[in-house]
Amino acid sequence: MSTTVYYRSTDLMITEEIFALWSPKPQVYVLDEVQGVHVVRGSIHPARIVLMVLGGLAVLAVLVAWPLIDSAGEFLFAFAAIVAPPMVGSTSRALTPRTLHLVGHHLGVPVTLFSSSDMLVFGQVKRALMRAFEARSRSMDRRDLAGYDEAFRRLNQTL
(Lines give C-alpha, C1' and ligand atoms only; values in the text may rest on other atoms or scores of the structure.)
Protein backbone atom coordinates (compact mmCIF):
# COMPACT_ATOMS: atom_id res chain seq x y z
CA MET A 1 0.00 0.00 0.00
CA SER A 2 1.48 3.36 -0.99
CA THR A 3 1.31 6.29 1.38
CA THR A 4 0.23 9.72 0.18
CA VAL A 5 2.61 12.55 1.07
CA TYR A 6 0.70 15.74 1.89
CA TYR A 7 3.67 17.97 2.66
CA ARG A 8 7.41 17.58 2.26
CA SER A 9 10.26 19.98 2.91
CA THR A 10 13.81 19.68 4.16
CA ASP A 11 12.57 19.85 7.78
CA LEU A 12 9.16 18.21 7.71
CA MET A 13 7.06 15.49 6.10
CA ILE A 14 3.36 14.79 6.55
CA THR A 15 1.75 11.60 5.29
CA GLU A 16 -1.53 9.92 6.16
CA GLU A 17 0.42 7.83 8.69
CA ILE A 18 2.99 10.17 10.29
CA PHE A 19 4.05 13.73 11.05
CA ALA A 20 7.87 13.71 10.90
CA LEU A 21 10.18 16.58 11.87
CA TRP A 22 13.90 16.60 11.14
CA SER A 23 14.70 20.01 12.62
CA PRO A 24 15.50 21.20 15.30
CA LYS A 25 15.60 17.59 16.56
CA PRO A 26 14.19 14.54 14.77
CA GLN A 27 10.74 13.50 15.95
CA VAL A 28 8.11 11.27 14.39
CA TYR A 29 4.49 11.33 15.50
CA VAL A 30 2.05 8.63 14.41
CA LEU A 31 -1.17 10.44 13.52
CA ASP A 32 -3.31 7.92 15.38
CA GLU A 33 -1.52 8.96 18.57
CA VAL A 34 -1.96 12.73 18.06
CA GLN A 35 -5.09 14.45 19.37
CA GLY A 36 -6.44 17.92 19.95
CA VAL A 37 -4.33 19.75 17.38
CA HIS A 38 -5.00 23.47 17.32
CA VAL A 39 -3.32 26.78 16.46
CA VAL A 40 -1.79 29.01 19.13
CA ARG A 41 -0.70 32.52 18.23
CA GLY A 42 2.57 33.72 19.72
CA SER A 43 2.91 36.99 21.59
CA ILE A 44 3.21 40.36 19.92
CA HIS A 45 6.74 41.75 19.65
CA PRO A 46 7.30 44.43 22.36
CA ALA A 47 8.43 46.95 19.73
CA ARG A 48 4.99 46.78 18.12
CA ILE A 49 3.30 47.58 21.42
CA VAL A 50 5.61 50.56 22.04
CA LEU A 51 5.01 51.87 18.51
CA MET A 52 1.24 51.49 18.93
CA VAL A 53 1.28 53.48 22.19
CA LEU A 54 3.49 56.20 20.68
CA GLY A 55 1.19 56.41 17.65
CA GLY A 56 -1.86 56.79 19.87
CA LEU A 57 -0.13 59.52 21.87
CA ALA A 58 0.83 61.35 18.65
CA VAL A 59 -2.78 61.32 17.41
CA LEU A 60 -4.01 62.48 20.83
CA ALA A 61 -1.46 65.32 20.81
CA VAL A 62 -2.65 66.46 17.38
CA LEU A 63 -6.28 66.42 18.52
CA VAL A 64 -5.47 68.47 21.62
CA ALA A 65 -3.36 70.95 19.64
CA TRP A 66 -5.84 71.25 16.73
CA PRO A 67 -7.38 74.57 17.88
CA LEU A 68 -3.90 76.13 18.01
CA ILE A 69 -2.91 75.11 14.47
CA ASP A 70 -3.14 78.04 12.07
CA SER A 71 -0.35 77.82 9.49
CA ALA A 72 0.23 75.51 6.55
CA GLY A 73 3.42 74.15 8.11
CA GLU A 74 1.62 73.24 11.30
CA PHE A 75 -1.19 71.52 9.35
CA LEU A 76 1.44 69.56 7.42
CA PHE A 77 3.11 68.53 10.68
CA ALA A 78 -0.29 67.51 12.15
CA PHE A 79 -1.09 65.49 9.03
CA ALA A 80 2.28 63.71 9.26
CA ALA A 81 1.70 62.98 12.97
CA ILE A 82 -1.64 61.34 12.14
CA VAL A 83 -0.47 59.41 9.05
CA ALA A 84 2.90 58.20 10.36
CA PRO A 85 1.69 55.83 13.14
CA PRO A 86 -0.33 53.52 10.84
CA MET A 87 2.54 53.44 8.34
CA VAL A 88 5.07 52.62 11.07
CA GLY A 89 2.66 50.07 12.53
CA SER A 90 2.21 48.22 9.25
CA THR A 91 5.97 48.24 8.69
CA SER A 92 6.63 46.89 12.18
CA ARG A 93 3.99 44.21 11.60
CA ALA A 94 5.80 43.10 8.45
CA LEU A 95 9.21 43.15 10.16
CA THR A 96 8.13 41.43 13.40
CA PRO A 97 5.43 38.87 12.50
CA ARG A 98 3.81 36.73 15.16
CA THR A 99 4.90 33.14 15.42
CA LEU A 100 2.12 30.60 15.00
CA HIS A 101 2.27 27.19 16.67
CA LEU A 102 0.50 23.90 15.89
CA VAL A 103 0.07 22.25 19.27
CA GLY A 104 -1.66 19.10 20.38
CA HIS A 105 -1.30 16.02 22.56
CA HIS A 106 0.84 13.02 21.67
CA LEU A 107 0.00 10.04 23.88
CA GLY A 108 -1.47 12.47 26.43
CA VAL A 109 1.61 14.73 26.55
CA PRO A 110 1.31 18.32 25.25
CA VAL A 111 3.60 18.88 22.25
CA THR A 112 4.33 21.65 19.77
CA LEU A 113 4.22 19.97 16.40
CA PHE A 114 5.26 22.93 14.26
CA SER A 115 6.07 26.64 14.65
CA SER A 116 6.62 29.32 12.03
CA SER A 117 6.32 33.06 11.56
CA ASP A 118 5.94 32.54 7.80
CA MET A 119 2.17 32.62 7.28
CA LEU A 120 2.33 30.88 3.90
CA VAL A 121 4.37 27.92 5.13
CA PHE A 122 2.33 27.66 8.32
CA GLY A 123 -0.89 27.60 6.31
CA GLN A 124 0.45 24.90 4.00
CA VAL A 125 1.55 22.70 6.91
CA LYS A 126 -1.73 23.20 8.76
CA ARG A 127 -3.76 22.32 5.66
CA ALA A 128 -1.58 19.28 4.93
CA LEU A 129 -2.07 18.02 8.47
CA MET A 130 -5.84 18.53 8.17
CA ARG A 131 -5.88 16.60 4.91
CA ALA A 132 -3.82 13.79 6.46
CA PHE A 133 -6.25 13.53 9.40
CA GLU A 134 -9.20 13.51 6.98
CA ALA A 135 -7.63 10.77 4.85
CA ARG A 136 -6.78 8.83 8.00
CA SER A 137 -10.36 8.94 9.22
CA ARG A 138 -11.71 7.93 5.79
CA SER A 139 -9.37 4.93 5.63
CA MET A 140 -10.33 3.93 9.19
CA ASP A 141 -14.03 4.16 8.26
CA ARG A 142 -13.43 1.98 5.20
CA ARG A 143 -11.65 -0.68 7.26
CA ASP A 144 -14.43 -0.64 9.88
CA LEU A 145 -17.13 -0.96 7.24
CA ALA A 146 -15.35 -3.78 5.46
CA GLY A 147 -14.85 -5.69 8.72
CA TYR A 148 -11.06 -5.65 8.36
CA ASP A 149 -10.32 -3.31 11.25
CA GLU A 150 -9.29 -6.01 13.76
CA ALA A 151 -7.24 -7.86 11.14
CA PHE A 152 -5.49 -4.65 10.18
CA ARG A 153 -4.61 -3.90 13.84
CA ARG A 154 -3.16 -7.38 14.30
CA LEU A 155 -1.18 -7.14 11.08
CA ASN A 156 0.13 -3.72 12.15
CA GLN A 157 1.24 -5.08 15.54
CA THR A 158 3.16 -7.96 13.97
CA LEU A 159 5.00 -5.67 11.55
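Everything below is about the structure printed above this text.
Rules and cut-offs
Residues numbered from 1 in each chain as written. Predicted model: local features only at pLDDT ≥ 70, side-chain atom pairs only at ≥ 80, totals over all residues. Heavy atoms only, no water. Helix = DSSP H or I, 4+ residues; strand = E, 2+ residues; numbered from the N terminus. Buried < 20%, exposed > 50% of the residue type's maximum accessible area, 1.4 Å probe, protein only. Contact = heavy atoms within 4.5 Å. Areas by Shrake-Rupley, 256 points an atom, 1.4 Å probe, with all protein chains shown as cover. Pairing = 2+ DSSP bridges. Axes fitted to C-alpha atoms, helices over the stretch in contact; angles between N-to-C directions. Polar contact = N/O pair within 3.5 Å; in protein donor to acceptor, adjacent residues only side chain to side chain. Expected span 1.5 Å × (residues − 1). Bend = angle between axes of the 7 residues up to and from the residue. Core = buried A, V, L, I, M, F, W, Y, C linked by side-chain atoms within 4.5 Å.

(A) Local environment of the overall build of the protein. Summing up its helical and strand segments, the protein has 4 helices and 7 strands in all. When the helices and strands of the protein are read in sequence order from the N terminus, they spell out β-β-β-β-β-α-α-β-β-α-α. When each of the 159 residues of the protein is scored for burial, the buried share is 26%. Pairs at least 24 apart in sequence give 47% of the contacts found in the protein among residues at least 6 apart. Accessible area of the protein: about 10900 Å², with a carbon and sulfur share of 64%.

(B) Representation of the pairing of strand S7 (residues 109–116) within the structure. Sheet topology note: the strand S6 (residues 100–106)/S7 ladder contains 7 bridges and is antiparallel. Bridging from a neighbouring strand, Leu-100 pairs with Ser-116 of S7. Two successive antiparallel strands, S6 and S7, enclose a turn made up of 2 residues, where Leu-107 displays a positive phi of approximately 55 degrees.

(C) Broad picture of the sheet that holds strand S4 (residues 27–30). The sheet built from 4 strands is open, its strands ordered S1-S2-S3-S4 with antiparallel pairing. Each edge of the open sheet is held by one strand with a lone partner, namely strand S1 (5–8) and S4. If you compare each strand with its neighbour and ignore which way they point, the axes differ by 5 degrees on average. When strand S3 (residues 18–21) meets S4, the two strands line up antiparallel, connected through 4 bridges. Directly across from Ala-20, in S4, lies its bridge partner Val-28.

(D) A look at the sheet that holds strand S5 (residues 34–41). The strand order across the open sheet formed by 3 strands is S5-S6-S7, and the pairing between neighbours is antiparallel. The sheet is open, and its two borders are formed by S5 and S7, each paired with just one other strand. Across the sheet, the mean angle from the axis of one strand to that of its neighbour is 25 degrees, orientation sign disregarded. When S5 meets S6, the two strands line up antiparallel, connected through 6 bridges. The residue of S6 that forms the bridge with Arg-41 is Leu-100.

(E) Focus on the side chain of Ser-116. Among the structural elements, Ser-116 can be located in strand S7. Residue Ser-116 is classed as buried on the basis of its relative accessible area of 14%. At 3.0 Å, the side chain of Ser-116 and the backbone nitrogen of Asp-118 are in polar contact. If we ignore the near neighbours within four places in the chain, the residues touching Ser-116 are Arg-98, Thr-99, Leu-100, Val-121 and Phe-122.

(F) Local environment of helix H2 (residues 72–95). In this model, H2 (24 residues) spans 34 Å end to end at C-alpha, consistent with the 34 Å of a helix rising 1.5 Å per residue. Approximately 30 degrees is the largest bend angle found in H2, and it occurs at Val-83, with the proline Pro-85 only one to four residues beyond. Those residues of H2 that sit buried are Ala-78, Ala-81 and Ser-92. In this structure, the buried side of H2 is in contact with helix H1 (46–65).

(G) The nonpolar core, seen in detail. With 20 residues, the main nonpolar core has Leu-12, Ile-14, Phe-19, Leu-113 and Val-125 as its most contacted residues. When contributions to this core are tallied by element, the ones reaching two or more residues are S1, strand S2 (12–15), S3, S6, S7 and helix H3 (119–146). In this view, Leu-113 contacts Phe-19, Leu-21, Tyr-29, Val-34, Val-37, Leu-102, Val-103 and Leu-129; residues no more than four positions away in its chain are not counted.

Bear in mind that shape data such as this cannot, by itself, settle questions of function.
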